[in-house]
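Now for the letters of each chain:
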Amino acid sequence: MSVTVVIGAQWGDEAKGKIVDLLSQEADIVGRFNGGDNAGHTVVNQYGTFKLRLTPNGFSNPRTICVIGPGVVVNLATLIAEIETIRQAGISLDGRLWVSPRCHVVMPYHPLVEGIYERAKGAASTGTTGRGMGPVYADKVSYNGIRLADLADEAALAEKLGVQLKVKNALFKLFNIDELNLQNIIQEKQAQFAQIKEMVREPFGLVQEALRKDARIILEAAQGSLLDNDWGTYPFCTASTTIAGGAAGGLGIAPRWVGRVIGVAKAYTTRVGAGPFPTELLDQDGEALRQAGAEFGTVTGRPRRCGWFDAELVRFTAQLSGMTEVALTKLDVLDGMPKIKIGVGYCPKGHCKSDLPGSEVRLAHYWEGDARWLEAQEPEYIEVDGWMESTKDVRAFEQLPKLAQAYVRKVEQLIETPVGMVSTGPEREAIIPVPR
Ligand code: IMP
């Protein structure tokens with residue numbers, strides 16, 4: 001059971017990159033199994049600060065192999081730029097990066113199609129990252145995708161692209177968007193493919209061999225569980241499978257190999273883009289979290305929506321992925337909060353226990369309804385005292401203020417999952433193990 005899956009337990013941006021970076025110091029293989037360059041992982045290590053979207057986080061360890069599985073969609077320009085950034089930092093990826101030829105390629109028309117839909121939806125738009133994720137996955141599942149392997153064969157590529165442009169250009173005409181030129185795209189994609197073709201090889205055999213040898217494999221999910229296409233707040237979600245089960249399909253690793261599932265959750269909650277967010281704070285507490293946590297999107301720079309920790313959500317995502325532990329990140333962001341609330345379940349707006357003293361209201365679960373239902377709910381909270389001290393340089397759990405320790409213990413009780421580590425700063429050393 002040598003596989004550890006690291007997933008986001010909320011709406012993404014939970015600082016998974018930092019946890020994977022720490023674990024990858026001991027890893028033989030680090031893999032990505034979903035999403036594309038809509039993800040944004042910030043990693044701070046001895047080589048500098050890296051903001052990566054596609055390259056798996058094991059890149060900084062010379063003995064770690066990085067694999068990108070068929071569940072990932074590849075924007076070639078992004079991948080090439082990242083390989084170059086990593087090279088310039090003095091790290092060689094030669095022979096260490098394997099990208100499945102089954103990966104679908106983001107084509108220039110995908111972000112354009114996405115833009116048409118986002119504009120047509122108006123106020124009901126998803127608020128995507130604009131990287132073409134919905135359309136590229138839609139083409140994949142409707143048998144209209146173009147995979148990396150197709151780029152190696154010019155005639156096959158021309159035929160497939162020709163069909164796609166016939167349909168997409170007709171749509172663009174309707175929406176007054178300039179038509180795309182077949183030859184230009186073929187040239188661009190083949191030139192990009194030529195730059196990475198040594199890395200395009202199926203990692204399945206390598207991974208199976210590693211499993212047999214009980215090698216240490218870390219799989220990192222992109223985005224967060226609540227953006228999952230099936231279980232997230234659809235249609236305010238992403239296009240891929242973001243939960244631990246996605247590792248099986250997205251990289252061809254059977255579930256029986258997975259022994260450890262780490263859900264990464266912030267000590268509060270954030271969300272980018274539209275969609276329900278029951279514990280969102282639209283007041284100065286929300287602004288204080290945004291400033292203290294530097295909550296601005298890695299990919300889009302958008303200010304993130306901020307709110308209290310929602311234990312109902314994380315209990316749900318822990319069940320969904322069978323989390324063996326949770327890594328609670330950015331605890332230090334709560335350092336200045338005199339009172340801290342934790343969401344524990346929902347009731348229809350205006351009907352929470354706090355609104356109706358003495359009445360017993362049954363708290364509803366996230367999974368009982370859809371996004372529209374969730375919009376009509378409000379959270380029931382418990383309130384705890386804040387610690388009002390800096391936790392930034394703390395390196396051992398027992399050295400955290402007593403109230404911070406109590407907060408972590410309360411969270412693990414509410415989510416019914418052990419908190420295995422907490423983090424109080426961006427550096428590797430700021431990840432503190434939590435004793436049992
Ligand atoms: P898409 O994945 O670009 O299609 O965007 C769909 C939704 O997922 C939007 O609400 C995005 O803000 C959100 N999203 C996508 N990737 C991330 C991420 O890495 N972190 C946080 N939110 C994301």
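Residues numbered from 1 in each chain as written. Predicted model: local features only at pLDDT ≥ 70, side-chain atom pairs only at ≥ 80, totals over all residues. Heavy atoms only, no water.

What to know about the site of the ligand
For step 1, the next point in the chain: With respect to spatial proximity, 17 residues lie near the ligand, and among them D13, N38, T129, T238 and V272 are the closest.
For step 2, the next point in the chain: N38 has a polar side-chain atom sitting 2.9 Å from an oxygen atom of the ligand.
For step 3, the next point in the chain: Q223 is positioned such that a nitrogen or oxygen atom in its side chain is 3.3 Å from a nitrogen atom of the ligand.
For step 4, the next point in the chain: When the ligand is considered free in solution it has 460 Å² of accessible area, and contact with the protein chains removes 96% of it.
For step 5, the next point in the chain: Here the shell around the ligand is composed, by residue class, of six nonpolar, nine polar and two charged. (Near = heavy atom within 4 Å. Polar contact = N/O pair within 3.5 Å; in protein donor to acceptor, adjacent residues only side chain to side chain. Areas by Shrake-Rupley, 256 points an atom, 1.4 Å probe, with all protein chains shown as cover. Nonpolar A, V, L, I, M, F, W, Y, C, P; charged D, E, K, R; others polar.)

Some points on the environment of G130
For step 1, the next point in the chain: Mapped onto the elements, G130 comes out in the loop between α3 (109-121) and α4 (133-141).
For step 2, the next point in the chain: Linking G130 and V384, residues 254 residues apart in sequence, is a C-alpha distance of 39 Å.
For step 3, the next point in the chain: Not counting residues within four places of it along the chain, the set of residues in contact with G130 comprises P111 and E114. (Helix = DSSP H or I, 4+ residues; strand = E, 2+ residues; numbered from the N terminus. Contact = heavy atoms within 4.5 Å.)

Brief notes about the domain arrangement of the protein
For step 1, the next point in the chain: Taken as a whole, the protein is organised into domain 1 (3-102 + 200-264), domain 2 (104-196) and domain 3 (265-433).
For step 2, the next point in the chain: Taken together, the contacts link 28 residues of domain 1 with 22 residues of domain 2.
For step 3, the next point in the chain: Contact with domain 2 buries area across many residues of domain 1, yet V73, L76 and V200 alone supply 29% of it, more than any other trio.
For step 4, the next point in the chain: Run the count over domain 1 and domain 2 and you get one salt bridge.
For step 5, the next point in the chain: As a salt-bridge pair, D37 and R131 come within 2.8 Å of each other at their nearest N and O atoms.
For step 6, the next point in the chain: Secondary structure elements with two or more residues in the side of domain 1 that touches domain 2: β6 (73-74) and α2 (76-88).
For step 7, the next point in the chain: For the side of domain 1 that touches domain 2, the leading source of residues is α2, giving six residues. (Domains from an automatic or database assignment. Buried area = accessible area lost by both parts, 1.4 Å probe. Salt bridge = Lys/Arg side-chain N within 4 Å of Asp/Glu carboxyl O.)

Remarks on helix α9 (residues 284-292)
For step 1, the next point in the chain: Taken as a whole, α9 has its buried residues at G286, L289 and R290. Burial along α9 is one-sided: seen end-on, the buried residues are contained in an arc of 100°.
For step 2, the next point in the chain: Buried residues along α9 sit in contact with β12 (305-307).
For step 3, the next point in the chain: Directly beyond the C-terminal end of α9, a positive phi value near 45° is found at A294. (Buried < 20%, exposed > 50% of the residue type's maximum accessible area, 1.4 Å probe, protein only. Arc of directions from axis to C-beta.)

Description of the nonpolar core
For step 1, the next point in the chain: One finds L219, F309, L328, L334 and Y407 to be the most contacted residues of the largest nonpolar core, which totals 56 residues.
For step 2, the next point in the chain: M107, L148, I185 and V200 belong to the second-largest nonpolar core, a separate cluster that totals 37 residues. (Core = buried A, V, L, I, M, F, W, Y, C linked by side-chain atoms within 4.5 Å.)

A closer look at the pattern of salt bridges
For step 1, the next point in the chain: Scanning the model with the defined rule gives 27 salt bridges in all.
For step 2, the next point in the chain: The salt bridge involving E287 is made with R290; its shortest N-O contact spans 2.3 Å. Of this pair, E287 and R290 both sit in helix α9, three residues apart, which is roughly one turn of that helix.
For step 3, the next point in the chain: A relative accessible area of 14% means that R290 is categorised as buried.
For step 4, the next point in the chain: The shortest N-O distance in the salt bridge between E295 and R304 comes to 2.8 Å.

Section: the sheet that holds strand β15 (residues 339-348)
For step 1, the next point in the chain: Read across the sheet, three strands follow the order β13-β15-β16 without closing on themselves; strand pairing throughout is mixed. Unpaired on one side and paired on the other, β13 (309-310) and β16 (377-385) mark the two borders of the sheet.
For step 2, the next point in the chain: Sheet topology places β15 next to β16; nine bridges connect them, and they run antiparallel. Within β16, the residue paired with K341 across the bridge is E383.
For step 3, the next point in the chain: Sheet contacts for helix α10 (residues 311-321): β13 and β15; angle to β15, the most-contacted strand, approximately 70°.
For step 4, the next point in the chain: Lying over the sheet, helix α12 (residues 402-415) contacts β13, β15 and β16, oriented at roughly 15° with respect to β15. (Pairing = 2+ DSSP bridges. Axes fitted to C-alpha atoms, helices over the stretch in contact; angles between N-to-C directions.)

Brief notes about unusual backbone geometry
For step 1, the next point in the chain: Between Y234 and the following residue, P235, the backbone shows a cis peptide bond with an omega angle of 5°.
For step 2, the next point in the chain: Residue position: P235 is located in the loop between β9 (217-220) and α8 (246-251).
For step 3, the next point in the chain: The phi dihedral of N176 is positive, around 55°, even though this residue is not glycine.
For step 4, the next point in the chain: Within the element layout of this structure, N176 appears in the loop between α5 (154-174) and α6 (182-196).
For step 5, the next point in the chain: For N176, a relative accessible area of 74% gives the class exposed.
For step 6, the next point in the chain: Here Q223, not a glycine, exhibits a phi torsion of approximately 60°, which is positive.
For step 7, the next point in the chain: Mapped onto the elements, Q223 comes out in the loop between β9 and α8.
For step 8, the next point in the chain: Exposure remark for Q223: the relative accessible area of 9% places this residue in the buried category.

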